[in-house]
Amino acid sequence: MPEIRPVLIDNWRELIDLKVREDQNHFVASNLYSIAQSKFGDEYEGHWDLYPFGIYDDEGKPVGFLMYAVNFSHPTHQAFIQRLMVDEKFQGRGYGKFGMKWMLDLFHADERIQAVGISYAPQNKVARKLYASLGFEETGRIVDDETEAMLKLR
Ligand SMILES: CC(C)(COP(=O)(O)OP(=O)(O)OC[C@H]1O[C@@H](n2cnc3c(N)ncnc32)[C@H](O)[C@@H]1OP(=O)(O)O)[C@@H](O)C(=O)NCCC(=O)NCCS
């Protein structure tokens, strides 16, 4: 089984080495950027705390990265999937979906979270299909040039 591990002193370097394909670079920020961003949180319609994690294969090799955001005071969605990437060498093997399901299980278990947001480049067909298969519905809003989608949990 793949495993999700927090970003800590002993693994952040191996996670910043993970890369998407060159033609996917504009779909996602680097893991180095994300880990830096996670130290300070995000200010968008209130303060969001950021939680970065690595995705590991069943042998303990790093294969991907994810980061979610929470703001329990936000009126529409209290969690946001801020980042998801799988290294170019490991894509298409279920790791992205595994990471998504892991986050959604966490959110389902937290009664403070009513809905989860996500956004993606309009031309990112793989991401759109993956999120739609998990129940995300597009809201019709464009945020920072990205298509916004939402999953209502309760
Ligand atoms: C999007 C991304 C995270 C998906 O992770 P992944 O591990 O490659 O995807 P999975 O193997 O879990 O597959 C998820 C679904 O996408 C489909 N898929 C994966 N790669 C695909 C491809 N190249 N073309 C078509 N479909 C693809 C799978 O068939 C699967 O669908 P299914 O559940 O119906 O079988 C990964 O491709 C990636 O890092 N892309 C670049 C960065 C990016 O776009 N991040 C998202 C920003 S919003």
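Residues numbered from 1 in each chain as written. Predicted model: local features only at pLDDT ≥ 70, side-chain atom pairs only at ≥ 80, totals over all residues. Heavy atoms only, no water.

Caption draft 1: The arrangement of the side chain of Asp 87 in detail. Positionally, Asp 87 belongs in the loop between β5 (79-86) and α3 (95-108). Asp 87 sits in the buried class, given a relative accessible area of 3%. A distance of 2.9 Å separates a polar atom in the side chain of Asp 87 from the backbone nitrogen of Lys 89. Leave out the neighbours within four places in its chain, and Asp 87 touches Asp 17, Leu 18, Lys 19, Val 63 and Gly 64. (Helix = DSSP H or I, 4+ residues; strand = E, 2+ residues; numbered from the N terminus. Buried < 20%, exposed > 50% of the residue type's maximum accessible area, 1.4 Å probe, protein only. Polar contact = N/O pair within 3.5 Å; in protein donor to acceptor, adjacent residues only side chain to side chain. Contact = heavy atoms within 4.5 Å.)

Caption draft 2: Examining the packing of α3 against helix α4 (residues 125-133) more closely. Across the interface, α3 lies against α4 with an axial gap of 11 Å and an inter-helix angle of 45°. Put simply, α3 runs oblique to α4. Every pair of crossing elements has a handedness; the one defined by α3 and α4 is right-handed. Across from Gly 96, Lys 97 and Met 100 in α3, the residues of α4 making contact are Leu 130, Tyr 131 and Ser 133. Its residues placed into classes, the contact of α3 with α4 shows three nonpolar, two polar and one charged. (Axes fitted to C-alpha atoms, helices over the stretch in contact; angles between N-to-C directions. Parallel < 35°, antiparallel > 145°, perpendicular 65-115°, else oblique. Left-handed = near helix turned anticlockwise from the far one by under 90°. Nonpolar A, V, L, I, M, F, W, Y, C, P; charged D, E, K, R; others polar.)

Caption draft 3: Region of interest: the site of the ligand. In the neighbourhood of the ligand, 21 residues make up the surrounding shell, with Val 86, Gly 94, Gly 96, Lys 97 and Asn 124 lying closest. With respect to the ligand, the backbone of Gly 94 contributes an N or O atom lying 2.6 Å from an oxygen atom. Here an oxygen atom of the ligand sits 2.8 Å away from a polar atom, N or O, in the main chain of Gly 96. Contact with the protein chains removes 72% of the 930 Å² of surface that the ligand exposes when unbound. Taken together, the elements giving at least two residues each to the shell around the ligand come down to β5, α3, β6 (115-120) and α4. A per-element tally of the shell around the ligand places α4 first, with four residues. (Near = heavy atom within 4 Å. Areas by Shrake-Rupley, 256 points an atom, 1.4 Å probe, with all protein chains shown as cover.)

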